[in-house]
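Take a look at the letters that make up each chain.
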Amino acid sequence: MSGSDEVWKVNRERDGKRETFESNLPKKGPIGEALAPVAGFGVSLRNFFRPTVTEQYPRVKTPPMQRYHGRHQLNRHPDGLEKCIGCELCAWACPADAIYVEADSNTPEHQVSPGERYGRVYQINYLRCIFCGLCIEACPTRALTMTNEYELAGPTREGLIYEKQDLLAPMGANMLAAPHPMVPGTTDGSYYRGEVTGPVKEQVEWVREQRPEDPTLPENRAKEPATEEARRG
Amino acid sequence: MTATADKPAAEAVELVTLTIDGTEVSVPKGTLIIRAAEQVGIEIPRFCDHPALKPAGACRQCLVDVASPGPDGNLRAFPKPQASCTMTVTPGMVVNTQHTSEEADRAQKGVLELLLINHPLDCPVCDKGGECPLQNQAMSHGRPESRFVDVKRVFEKPLALSSEILLDRERCVLCQRCTRFSKEIAGDAFIDLQNRGARQQIGTFDEDVLDFDGYRPVGAAAEDEAGRAFSSYYSGNTVQICPVGALTSAAYRFRSRPFDLVSSPSIAEHDSSGAAIRIDHRRGTVMRRLAENDPVVNEDWITDKDRFAFTWQNLDDRLTRPLIRKDGELVEASWPEALAAAAAGIRAATAPVEGDDAVAGARGTGVLVGGRVTLEDAYAYQKFARAVLGTNDVDARARVASEEEQSFLGATVAGTGLGVTFGELEKAPVVVLVGFEAEDEGGVVFLRLRKSLGRQRVVAVAPFLTRGAQKLDATLVPTVPGREPGALADLPADVREALAQPGAVIVLGERAAEAKGTFTAALDLASSTGARLAWIPRRAGERGAVEAGALPGLLPGGRAVSSKAARAAVAQAWGVDSLPSAAGRDTAGILAAAAEGGIGALVVGGVSASDLTADVEAALAATGFVVSLEVRRSEIAQAADVVLPVAPPSEKSGTFVNWEGRLRSFATAIHTDAMSDHRVLDLLAREWGVELGTATVESVNAELAALGAAGEGSGPPRRPPSRHAPPSPRRAPRCSRRGTSWSTRARSRTASRTSRAPAASPWPACRRRPRTRLESRAP
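Residues numbered from 1 in each chain as written. Chains lettered and ligands numbered in written order. Predicted model: local features only at pLDDT ≥ 70, side-chain atom pairs only at ≥ 80, totals over all residues. Heavy atoms only, no water.

Draft legend 1. Spatial organisation of the environment of M139(B). Inspection of the secondary structure puts M139(B) in helix α3 (residues 133-141). It is 39 Å that separates the C-alpha atoms of M139(B) and V13(B), two residues lying 126 residues apart in sequence. (Helix = DSSP H or I, 4+ residues; strand = E, 2+ residues; numbered from the N terminus.)

In structure tokens, the structure reads:
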């Protein structure tokens, strides 16, 4: 007798000893037994008269819950300077290693964020991101928050690594695009305390001198309202 | 490699027994409480304490409760917690740290809160964030909340102390590690404490610095101890020992976070000390280099050059593909094409010309190795020159060199293994520096000499006392450049007497080759006084090149080219019929011959034109064909006909032999496609149908170990041994130490060889002449 036959024999013996299955559900009466084959349609019939829950995505887009963890956003201060200081705490907190940051020094000629340091490279790999939000908790300047945008799919892997320009928040109504100097007489602390409420004359002058074509300058803004696509460049 | 090399002889030390947190521990007398606690695994938080610096008690973070027996024998507690980093242990002492004493814990928490009062807590933008002792200890030993509600002290920041060091005074906790390092270790106190109380700060005594709060220093700004503006070769160490982010490096500023970095241990390539370093890199780019603790070589310190000079290998002119000169322009080519072109070019340039016998005889080849390559690379260069090109015109000394120096190196340096060590140099009662400027040329050699300031007499045979020599408190034996031999012969009687003390060392630098007779005079001096000789070249690859035989008159292991037996032995090991016997020329000779059109083809390694006094441009122009093995598009690479790219040290593995003769192996830190010189030469040799056998570091080391050092009679003629041989008790350990160093290669790299080594004694050579010990291991 081969080994497998032995196994089958053992299995048969074991099955023979097994008790037959008996359900704990209450036993139906004779009528119930008779209607049993169509009883399942009851669920369908019941739902014919209920409001429909099917979403017509993508034709109709339903907003998710307010605190839904969607795509990240890099916020700006009211005067247009970036809030990100390139501290990499988000990358440190990330359990999926989805964030990569390289910082650099702000200089008078190239002031991107208040203070000494700004994030030169900022990448989030949405193939890795698990939308846990630990990065948001880690961010010391509230530079990184999450939007409700959930349409994060694409044909290429590279395309799902979002760069800084893909993540930066759109310019607000009065914001002046970075880089430009901080509001005169302020420190980075003033920005964090919310003492800066918008760009001042000196900053506008500076940008006008350096980049007269900048679309966020008041005169250019009036001329051609920048579209979302144009800003993303 | 040889961690035990400098272990002091076991002496009976007086032990003191004390109790720390209820654990009884016996430590040598004079031990600090904080060290005793470390020995029983109790960690006391600290900022100012550093094992290599003298105790300061500046930060007060290490407060513990201490009680010691009074005169009546009863335990008497100190009224207040004491700083454990300044108090030495006494018998019967009872120490309660923050783990067992509430008082100590409260004191430590209070100190930490006080230290954080003026700390800006800008950890997110601070380079130290993530590896910061203040951050870590505030987490582990501090209060969760600060009770300080007032305005913090604000300073202008960052303050550039030099091009490389930035000071942020807001973050400073005034531990004085940096100032103590500058005063005690490096000897150039460029920063110091200024002001008192809440205004106390680290500064440069520059009036412009002290501009906060309307305060002005009274009188003229003080100068640093040397009376000069800041200039230090060791300032980068202050960045590494700073326990907060007060001192940061400009090169690493905002570059990375510790969790981003991959750390690879390596060996510094900028001087012949072979200092242990740590290369921190991210995504294939070196971000910073730090000193590794290697007690027998560099202790905790490295030079600023070793620390900051790493960007050279990633500049825009880095070569990644071979270049071939086509129609006068260097164009990129594939490796097979470039190797074939290099071989064809060398062959054509050295082929005898029909009907012109005079030229035919002169069209030789030359190989310039440069002093920066590893032992393996140097070996490959000289093997390529001798086995493929058939010439002895190979020289690694891209500097002033002399025939006398070569004889000296062959007789007393090559193949002698570990000679004078850092530890012996430090303990030497007298050190005579000849043609050697310790601070400029020696890297951490200077720090070792300075460590024994006051216990050691340093004598500089030089035209004047340099700033470095002054810091060593050196005595000057004045001499005109070039008259060193005379000065050595007529040394003052007291110096000569001092040299007769056991352990005295004469250090010869590479500039000793400039004055004819210096080596002879030094050898005479050594043999008449019994002092030991140490040759300390400047470049990392010099000693390795000497060992590998990359000198015109030297074969591997210190064998002389002039010796027929040595040539035969090496030829047999290499599997070639014979080796060239004609005397080779040194770098200057090769270049002079090239300038006159006497060299058909040149193979140039890591040489830059500025290394040499000769007109390199003219020499290259007059040479028929030039092959350059380079990391970057150097001047020589630009003038070459074929350029083969090679790997910089961080992208290859290999061995530097430091001036002690200690093998300093390092592994590849960043893996790239770049090939090391020895591998490129191996590929190039295949174009001649020659199997050079230098494709891997392992194969080169196997060959080197098999060749071993020169045996009796095959080395250069050597001088009689010194009259006052060192006493025998010192002889024995030195011999075994040498064996350790050199046999490590045989054991770790070529495991098969060890099985063939005589099993009776681990160091059989110690019973015989030291020179033959590697020979005995050879099959």
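There is more to say after this.
Draft legend 2. Local environment of the packing of helix α4 (residues 177-186) of chain B against helix α13 (residues 444-451) of chain B. Residue and element names in this part refer to chain B. Their axes nearest at 8 Å, the elements α4 and α13 cross at an angle of 85°. On the basis of the axis angle, α4 is roughly perpendicular to α13. Touching K183, E184, I185 and A186 of α4 are F446, L447 and R450, all from α13. (Axes fitted to C-alpha atoms, helices over the stretch in contact; angles between N-to-C directions. Parallel < 35°, antiparallel > 145°, perpendicular 65-115°, else oblique. Contact = heavy atoms within 4.5 Å.)

Draft legend 3. Molecular detail of the domain arrangement of chain B. Along its sequence, chain B is organised into domain 1 (15-117), domain 2 (123-260), domain 3 (323-399 + 543-766) and domain 4 (415-537). For domain 1 of chain B versus domain 4 of chain B, the distance between C-alpha centres works out to 43 Å. (Domains from an automatic or database assignment.)

Draft legend 4. The arrangement of the environment of F436(B) in detail. Residue and element names in this part refer to chain B. Looking at the element boundaries, F436 is found in the loop between β19 (430-434) and α12 (438-441). Distance from F436 to S26, taken between C-alpha atoms, is 45 Å for residues 410 residues apart in sequence. Excluding its chain neighbours within four sequence positions, the residues that come into contact with F436 are E441, G442, V445, V507, L508, G509, R511 and I536.

Draft legend 5. Representation of the interface of chain B and chain A. Taken together, the contact between chain B and chain A spans 19 residues of the former and 16 residues of the latter. At the boundary of chain B with chain A, total buried surface from both sides reaches about 1,400 Å², with 53% on carbon and sulfur atoms. When the area that chain B buries against chain A is broken down by residue, the three leading residues are P124(B), F254(B) and F259(B), summing to 40%. Summed over the shared surface of chain B and chain A, the result is six salt bridges. (Buried area = accessible area lost by both parts, 1.4 Å probe. Salt bridge = Lys/Arg side-chain N within 4 Å of Asp/Glu carboxyl O.)

Draft legend 6. Geometry of the pattern of salt bridges. Inspection of every chain in the model, using the stated rule, returns 66 salt bridges over all chains. Between R171(B) and D122(B) there is a salt bridge, with the nearest N and O atoms lying 3.0 Å from each other. Placement of the pair is R171(B) in the loop between β8 (165-167) and α4 and D122(B) in the loop between α2 (102-117) and α3, with a sequence separation of 49 residues. With respect to burial, R171(B) and D122(B) carry one shared label: buried. With a shortest N-O distance of 3.1 Å, E170(B) and K157(B) are connected by a salt bridge. Of the two residues, E170(B) is situated in the loop between β8 and α4 and K157(B) in the loop between α3 and β7 (159-160); the sequence distance between them amounts to 13 residues. Through salt bridges with shared partners, one network takes in E88(A), E102(A), D104(A), R120(A), R255(B), D260(B) and R282(B). (Buried < 20%, exposed > 50% of the residue type's maximum accessible area, 1.4 Å probe, protein only.)

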